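The chain contents come next:
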Amino acid sequence: MFLLKQSYRDKAKKLVSIMLPIICTQIAVMSMNFFDASMSGQAGNVDLAGAAIGGNMWMPIHTCFTGILMAAMPQVAYFLGAGENHKIQDIIRHGLFLAVCFTILVVGCCYFALPIFYLSLGLEPAVYDIAIKYSAGIGLGVLPFFCMAPLRNFVDTLGYTRLTMKIYFLALPINALLNYILIFGKFGLPRLGGVGAGIATGLTFWILFFLFAWVVTHLEPFKKYEVLGVPQLRLVKIKEYLKLGIPMGLQIFMETSVFGVVAFFIAKFGTDAIAAHQAALNFSSLLYMFPLAFSLSLTICIGVEYGGKRFHDAYEYIKVGIGLCIVISALYMTGEYFGRSVVARIYSSDAGVQKLITELLVYAVIWQVGDAIAAPIQGILRGYKDVNIAFVTSIIAYWGICIPVGFYLDYQLHQGMFSYWQSLDLGVLSSAILLSLRLFFLQRKYNREGNKLQALE
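Residues numbered from 1 in each chain as written. Predicted model: local features only at pLDDT ≥ 70, side-chain atom pairs only at ≥ 80, totals over all residues. Heavy atoms only, no water.

Undergrad: Help me understand the overall build of the protein, please; the structure alone is not making it clear to me.
TA: Secondary structure assignment for the protein yields 16 helices and zero strands. Scaling as 2.2 N^0.38, a compact globule of 457 residues should have a C-alpha radius of gyration of about 23 Å, and the protein matches this with 22 Å. Referenced to the eigenvectors of the C-alpha coordinate spread, the extents of the protein come out at roughly 70 × 50 × 35 Å. The long-range share in the protein, meaning contacts at least 24 apart out of those at least 6 apart in sequence, stands at 84%. Accessible area for the protein stands at about 18,500 Å²; split by element, carbon and sulfur atoms hold 68% of it. Averaging the positions of the 33 positive and the 25 negative side-chain charges in the protein gives two centres separated by 8 Å. (Helix = DSSP H or I, 4+ residues; strand = E, 2+ residues; numbered from the N terminus. Rg over C-alpha atoms; globule rule 2.2 N^0.38 Å. Contact = heavy atoms within 4.5 Å. Areas by Shrake-Rupley, 256 points an atom, 1.4 Å probe, with all protein chains shown as cover. Lys, Arg positive; Asp, Glu negative; His and termini not counted. Charge placed at Lys NZ, Arg CZ, Asp CG, Glu CD.)

Here you go:
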C-alpha cells in the first residue's frame, strides 16, 4: 500500500485517494451541523441562538475528548508501518474503554454544571430554555459518539476512508429527516424548534455507532482484528494512550474552545449577534473540512512512513500535502468571499442578521489562510507522534494572544462583536507560524536520521 520509493506524483495520488473520501465524510459531518443551524434558523432567531449556545458548549467538549481518543490513529499507523499488526487490537479496545469513562465524566459534569453556566450568561429566558434542552438532546448520543471515534480511526488508518464516507452519507439523510420532523413537528409530533435539532443529532450518533460496529465485526480486513470485546486492561497501555492522546485532545480543545468562548462573549451584543456569529462560524466550519481532511490523511501517511523509518518518503508527503492544501484553500476562499451574501441568505431571512453574517465571513476568509497551513502541519506532527509542542503553541496562539487581544479590541477600542473575530484571525495566523517553525526543526532532525540510515544501507 505504501511503497518505499515513490515519485511526488505517486505520493500525491496516494494522498488524494485517502483524502477525498475523508473530505466527503467531513462534508457529511458538517452537513449535520449545517442542518442544525440552518433549520433552527428557519424556525426562528431565538431557536438558532439557543441551539448556537448549546452547540458551542458541545463543540469544545466533544473535540477535546475525541481528540484524546484520536490517539488510536497515529498508533495504528505506526504499527502498520512497522509490521506489528498484532498490537492493533489492544489499542482499539483500550480506546473504547476510555470512551466509556469519558462519557460518564462528561454527562455527570454537564448535568450539574450546565444550568449554572448558562444562567451566568444572562441569556433571554427563551434562549436559555432552548440551550438547556438542546444540550440534553445531544447528551443522548454522547456514549455512541465517543465509542465511534476509535472505531472510525481504525477503519480510516487501515486505508478504508471510502467506507467511512459511505457510512456517514448513509446517516446524513436520516439526520436531515429527524431534524425536519422534530424541529417543525411533523407526523403528529410536537414542534420542538432548536431543541429538536439536539435530539436529532443525539439519535444520529447511535445510528453511526451501530454502523461502525457492524462493519468492524462483519467485514474483512477489520473482522480478523476482533477489536470489539472486553479489553485485558493494562495500566501501561492506558498511560501510553493518554500520553499521546491528552496533548492532542488539549490542543484541539484550546482551539475549538476559543470559538465556543467567543460565542459567549458575543452573547452580550444580543440575539441577532449570536445568530449571525453561529451562522458564519457554521459555514466556516463546513469549509474547514478541506484542511482537516489533509490533516487526517497526512497523519496516516506520515505515521506509516515513520513506523517503517522511511523518513525521506515522509518528507515528500509533507511537501505534497501542504502544497495541495494551500492551492485548494485558495480556491474555496475566493468563492466564499465573493459569494458571502448568498451564504447569508441561506442561514437567515432577517436583513439585519444577513448583513452581520456577510461582514463576519470576511474575517473568516482571513483566518482560513492560517488554517490552510496550520491544519496539515498538525496532522504531520501527530503522524510523527510529536504532540506536546503543538499543544503549547495552541495555548500561546489562542489563549496568550487571541483572547487578550479580543478583550482589548472590545473594551478599549470598542470594536463590538467584530473584536473577537479580528482576534481570532490573529490567533489562527500565529498558530500557523509557530507550528511551521516546529515542523522545520523537527524535519531537519528526521532528515539527518534518514541520511544515516541510507548510509548504513
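Undergrad: Honestly, the confidence of the model for the protein in this entry has me stumped. Any pointers?
TA: Caution applies to low-pLDDT regions: their predicted coordinates should not be interpreted in detail. Per-residue confidence for the protein gives a mean pLDDT of 86, with 96% of residues at or over 70. Per-element averaging of pLDDT across the protein places helix 1 (residues 8-43) at the bottom with 79 and helix 6 (residues 142-157) at the top with 94. Low pLDDT (under 50) marks residues 1-6, which in the prediction has 21 contacts with non-local residues, meaning those over four places away or in another chain. (pLDDT = per-residue confidence, 0-100.)

Undergrad: Please explain the packing of helix 2 (residues 45-69) against helix 10 (residues 271-287) as it appears in this structure.
TA: Each packed pair of helices is defined by two parameters, the angle between the axes and the distance between the axes. In contact at an axis separation of 9 Å, helix 2 and helix 10 are set at 60° when each is read in the N-to-C sense. Taken together, the axes of helix 2 and helix 10 are oblique relative to one another. The chirality of how helix 2 crosses helix 10 is left-handed. Residues N45, V46, L48, A49, A52, I53 and N56 of helix 2 touch helix 10, and the partners they reach there are T271, D272, I274, A275, Q278 and L281. Per-class residue counts for the contact of helix 2 with helix 10 are eight nonpolar, four polar and one charged. (Axes fitted to C-alpha atoms, helices over the stretch in contact; angles between N-to-C directions. Parallel < 35°, antiparallel > 145°, perpendicular 65-115°, else oblique. Left-handed = near helix turned anticlockwise from the far one by under 90°. Nonpolar A, V, L, I, M, F, W, Y, C, P; charged D, E, K, R; others polar.)

Undergrad: Would you explain the pattern of salt bridges in this entry?
TA: It is possible for side chains bearing opposite charge to pair when their charged atoms get close. As enumerated under the stated definition, the model contains ten salt bridges in all. For K11, the salt bridge goes to E316, with nearest N and O atoms at 3.0 Å. Separated by 305 residues along the polypeptide, K11 in helix 1 and E316 in helix 12 (residues 311-338) bring together distant segments of the chain. Across the pair, exposure class does not vary: K11 and E316 are buried alike. Among the salt bridges present, the one from K355 reaches E359, with a minimum N-O distance of 2.6 Å. Linking K355 with E359, this pair stays in helix 14 (residues 351-383), spanning four residues, or about one helical turn. (Salt bridge = Lys/Arg side-chain N within 4 Å of Asp/Glu carboxyl O. Buried < 20%, exposed > 50% of the residue type's maximum accessible area, 1.4 Å probe, protein only.)

Undergrad: What should I look at first to understand helix 11 (residues 289-307) in this one?
TA: Since the α-helix advances by 3.6 residues per turn, residues separated by three or four positions end up pointing in the same direction. In this model, helix 11 (19 residues) spans 27 Å end to end at C-alpha, consistent with the 27 Å of a helix rising 1.5 Å per residue. Most of helix 11 is tucked away, with 18 of its 19 residues classed as buried. Of the residues flanking the end of helix 11, it is K309, one or two places downstream, whose phi is positive at about 55°. (Expected span 1.5 Å × (residues − 1).)

Undergrad: Just checking my understanding: could you explain the nonpolar core for this structure?
TA: Soluble globular proteins tend to pack their nonpolar side chains together in the buried interior. Grouped together as the largest cluster of nonpolar side chains are 142 residues, with contacts concentrated most on I92, F146, F154 and Y384. Once residues lying within four places of it in the same chain are set aside, the contact partners of Y384 are I302, Y306, A314, I318, L442, Q443 and Y446. (Core = buried A, V, L, I, M, F, W, Y, C linked by side-chain atoms within 4.5 Å.)

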